[in-house]
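# Architecture and fold: a report
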Amino acid sequence: MTFEENICKLLNINFLQNCCNPSIKQYQLKPQTGKGTCKIIQLGCHAAIILFDCSFLRNYTYFVQDKDLLHISYYIDVHNAQSCFHTNQQLLPNTFYAHLGCSKKSRTTYENHTPVKSIHIFLTPKYYDTYLSKTVPDCSTHLKEAISLLNEMECFPELSFVLHQLYSYQGSDLSSLLFYKSKLTEILALILHKSLDSACSLTRHVKQSDIETVQQIAEYISSHVTQEVSLDSLAHMAYMSPAKLKYVFKSVYHCSIRDYRLQKRMHVAKEFLYHTDLPVSDIAAHLGYHNSGNFSAIFKKHTGFSPKDFRLFSRTSSLYKFSSQ
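If you're wondering where the values come from, they're calculated on a predicted model, not measured in any experiment. (Residues numbered from 1 in each chain as written. Predicted model: local features only at pLDDT ≥ 70, side-chain atom pairs only at ≥ 80, totals over all residues. Heavy atoms only, no water.)

When helices and strands are tallied, the protein shows twelve helices and eleven strands. Buried positions account for 48% of the 325 residues belonging to the protein. Intrachain contacts of the protein at a sequence separation of at least 6 include 68% that bridge at least 24 residues. If you sum the accessible surface of the protein, you get close to 16,200 Å²; carbon and sulfur atoms cover 52% of it. (Helix = DSSP H or I, 4+ residues; strand = E, 2+ residues; numbered from the N terminus. Buried < 20%, exposed > 50% of the residue type's maximum accessible area, 1.4 Å probe, protein only. Contact = heavy atoms within 4.5 Å. Areas by Shrake-Rupley, 256 points an atom, 1.4 Å probe, with all protein chains shown as cover.)

In structure tokens form, the structure reads like this:
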């Protein structure tokens, strides 16, 4: 049984259609399971990308046992779902999950009427141990180490942007395989860069008291996301120098203060676009952007949608449900 056939059996899906490229196939869930589609992109025999856009009509659980697969997941939208690759995890939107194999079955459960928009990347040992090692020496070792850093990470805007590009791509002709291969390479490069960068920044020990302080600073940023609070002001609140605050914050959250604030602002922007009819210019002004065009460009870079397209999509898609997370 091929990898593709295993996925179909596991998730209880029917074949819907072939794309122009034989390596890209689209499936639909059986009516008794739910509605929506699953696209499987096979990049050779040792790598695959799976894109879900579906909703389950009843509580649905599936099990996977893979001792060697490297698995990276990103949920654009998910509610009332749990996974237990290592421990029970409540799956959250805009969060990364990753693991390298497991000796016993892992379980993922979606509750009834749960919308799922997600991206899953699977790599076999022949890909990350053989192909990558030949291409970039020691890459495999660093990639395995990077997985533990990526798991449950929320603030990684560069990777979020690439994954949204991948998810939104509609091409299906022969050239589309080049697009997916290039995006996989870009994704792995970003993960490796983040891991190596974090390893350098963690050469000094971070005290528990400093960690607790920056957690309070992060809470303050989240509750004052519409205000442009200066680094000096935050440092004064933390009783730290600006340089120390930046270092400790990045050590704890694996992103800069600027990127963290941006992520929170974009979430507030999505709330306004989904729940209100305020003009984009008013939302931009509320979030501290003096130029609505600049705000729109930043929003699209962060989410893959323009504000106008996001509002239309989030309100008209039968499978979309905004998360307050």
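So that's the structure; there's more coming.
Burial analysis of strand S4 (residues 47-56) places nine of its ten residues in the buried class, the great majority of the element. As paired strands, strand S3 (residues 34-42) and S4 are joined by nine bridges and run antiparallel to one another. By the bridge assignment for S4, Thr-37 is matched with Asp-53. Between the antiparallel neighbours S3 and S4 lie four residues, among them Gly-44 with a positive phi of about 80°. (Pairing = 2+ DSSP bridges.)

Let us now look at the nonpolar core. Counting residues in hydrophobic clusters, the biggest one holds 36 residues, and the most contacted among them are Ile-49, Ile-72, Ile-119, Leu-123 and Leu-159. Of all elements in the fold, only S4, strand S6 (70-78), strand S9 (95-100), strand S11 (114-123), helix H2 (125-135), helix H3 (139-150), helix H4 (157-168) and helix H5 (176-201) reach the threshold of two or more residues within this core. Looking at this core, the element that brings in the most residues is H5, giving eight residues. Beyond its immediate chain neighbours, meaning those up to four positions away, Leu-123 contacts His-46, Ala-47, Asp-68, Leu-69, Leu-70, Tyr-128, Leu-184 and Leu-188. If you look at the next biggest cluster of nonpolar residues, it comprises 18 residues, including Ile-217, Ala-218, Val-229 and Ala-235. (Core = buried A, V, L, I, M, F, W, Y, C linked by side-chain atoms within 4.5 Å.)

On to unusual backbone geometry, then. A positive phi angle, close to 55°, is found at Tyr-239, a residue other than glycine. Positionally, Tyr-239 belongs in the loop between helix H7 (231-238) and helix H8 (242-253).

Now for the environment of His-71. On the secondary structure map, His-71 appears in strand S6. What makes His-71 buried here is its relative accessible area of 6%. Separated by 26 residues in sequence, His-71 and Tyr-97 have C-alpha atoms that sit 8.2 Å apart. Among the polar contacts listed, one links the side chain of His-71 to the side chain of Ser-73, at a separation of 2.8 Å. (Polar contact = N/O pair within 3.5 Å; in protein donor to acceptor, adjacent residues only side chain to side chain.)

When the terminal C-alpha atoms of H4 are compared, their 16 Å separation across twelve residues agrees well with the 16 Å that a helix rising 1.5 Å per residue should span. Here H4 has its buried residues at Pro-157, Leu-159, Ser-160, Val-162, Leu-163, His-164, Leu-166 and Tyr-167. (Expected span 1.5 Å × (residues − 1).)

Counting across every chain of the model gives six salt bridges. One salt bridge in this structure joins Asp-53 and Lys-117, with 2.8 Å as the shortest N-O distance. Here the residue Asp-53 occupies a position in strand S4, and Lys-117 occupies one in strand S11, the gap between them amounting to 64 residues. A residue is classified by how much of its surface remains accessible, and Asp-53, at 25% relative accessible area, is partly exposed. Look at Lys-117 and you get buried, because its relative accessible area is 2%. Between Glu-228 and Arg-265 there is a salt bridge, and its shortest N-O distance comes to 3.0 Å. A residue pair is termed long-range when its members are at least 10 positions apart, and Glu-228 in the loop between helix H6 (208-223) and H7 and Arg-265 in helix H9 (residues 257-275) qualify at 37 residues. Relative accessible area serves as the criterion here: at 6%, Arg-265 is assigned to the buried category. (Salt bridge = Lys/Arg side-chain N within 4 Å of Asp/Glu carboxyl O.)

None of this, on its own, says anything about what the molecule does.
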